[in-house]
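One letter stands for each residue in the lines below.
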Amino acid sequence: MPIRKFIPGSAFDPETIARMVAAFEGVRTVLNLDDPNDPMVETVAKKIISLASQGVTDPDEIRRRVVADTE
């Protein structure tokens, strides 16, 4: 389930996108988001995009923040 469909245009470089994808997949695993139609999937994607826009690109840090924010 790619996060790319939520990323606007080419707002991020390939390395940042790869880090966002890693974070997204990690968060999905931790939160058991297996259903691509679960509204939480889009919420998680938007939070990851927001963090990356703010310069947070470490996948572990993104995962930590998003998981903490959803619990």
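Heads up: these notes are all about the structure in this document. This one's a predicted model, so the numbers in the text were calculated from it and none came from an experiment. (Residues numbered from 1 in each chain as written. Predicted model: local features only at pLDDT ≥ 70, side-chain atom pairs only at ≥ 80, totals over all residues. Heavy atoms only, no water.)

On to the overall build of the protein chain, then. Tallying secondary structure elements over the protein chain gives three helices and zero strands in all. Sequence-ordered secondary structure for the protein chain, helices as α and strands as β, is α-α-α. What you see for the protein chain is a C-alpha radius of gyration of 11 Å, in line with the 11 Å of a compact globule of 71 residues. Here the C-alpha coordinates of the protein chain stretch approximately 30 × 20 × 15 Å along the principal axes. Counting the 71 residues in the protein chain, one finds 34% classified as buried. For the protein chain, the proportion of contacts with a sequence separation of at least 24, taken over those separated by at least 6, is 56%. A total accessible area of about 4,200 Å² is found for the protein chain, and carbon and sulfur atoms account for 49% of it. Positive and negative charge centroids in the protein chain, built from 9 and 12 side chains respectively, lie 3 Å apart. (Helix = DSSP H or I, 4+ residues; strand = E, 2+ residues; numbered from the N terminus. Rg over C-alpha atoms; globule rule 2.2 N^0.38 Å. Buried < 20%, exposed > 50% of the residue type's maximum accessible area, 1.4 Å probe, protein only. Contact = heavy atoms within 4.5 Å. Areas by Shrake-Rupley, 256 points an atom, 1.4 Å probe, with all protein chains shown as cover. Lys, Arg positive; Asp, Glu negative; His and termini not counted. Charge placed at Lys NZ, Arg CZ, Asp CG, Glu CD.)

Another aspect to go through is the packing of helix 1 (residues 14–30) against helix 3 (residues 59–70). At a minimum axis distance of 8 Å, the contact between helix 1 and helix 3 shows a crossing angle of 40°. Our classification of the angle between helix 1 and helix 3 gives oblique. Of the two possible hands of crossing, helix 1 and helix 3 adopt the one that is right-handed. Where helix 1 approaches helix 3, its residues Arg19, Ala22, Ala23, Gly26, Val27 and Val30 are matched on the opposing element by Pro59, Ile62, Arg63, Val66 and Val67. Residue classes in the contact of helix 1 with helix 3 are distributed as eight nonpolar, one polar and two charged. (Axes fitted to C-alpha atoms, helices over the stretch in contact; angles between N-to-C directions. Parallel < 35°, antiparallel > 145°, perpendicular 65-115°, else oblique. Left-handed = near helix turned anticlockwise from the far one by under 90°. Nonpolar A, V, L, I, M, F, W, Y, C, P; charged D, E, K, R; others polar.)

Quick look at the pattern of salt bridges now. One pass over the structure, following the stated rule, counts seven salt bridges. The partner of lysine 47 in a salt bridge is aspartate 69, and the shortest N-O contact between them spans 2.7 Å. Of this pair, lysine 47 sits in helix 2 (residues 39–53) while aspartate 69 sits in helix 3; the two residues are 22 residues apart in sequence, bridging distant segments of the chain. Judged by its relative accessible area of 23%, lysine 47 is partly exposed. (Salt bridge = Lys/Arg side-chain N within 4 Å of Asp/Glu carboxyl O.)

What follows deals with the environment of arginine 19. Following the sequence through the fold, arginine 19 ends up in helix 1. With relative accessibility at 30%, the residue arginine 19 sits in the partly exposed group. Apart from the residues within four sequence positions on either side, arginine 19 is in contact with Thr57, Asp58 and Pro59.

Nothing here speaks to function; it is geometry throughout.
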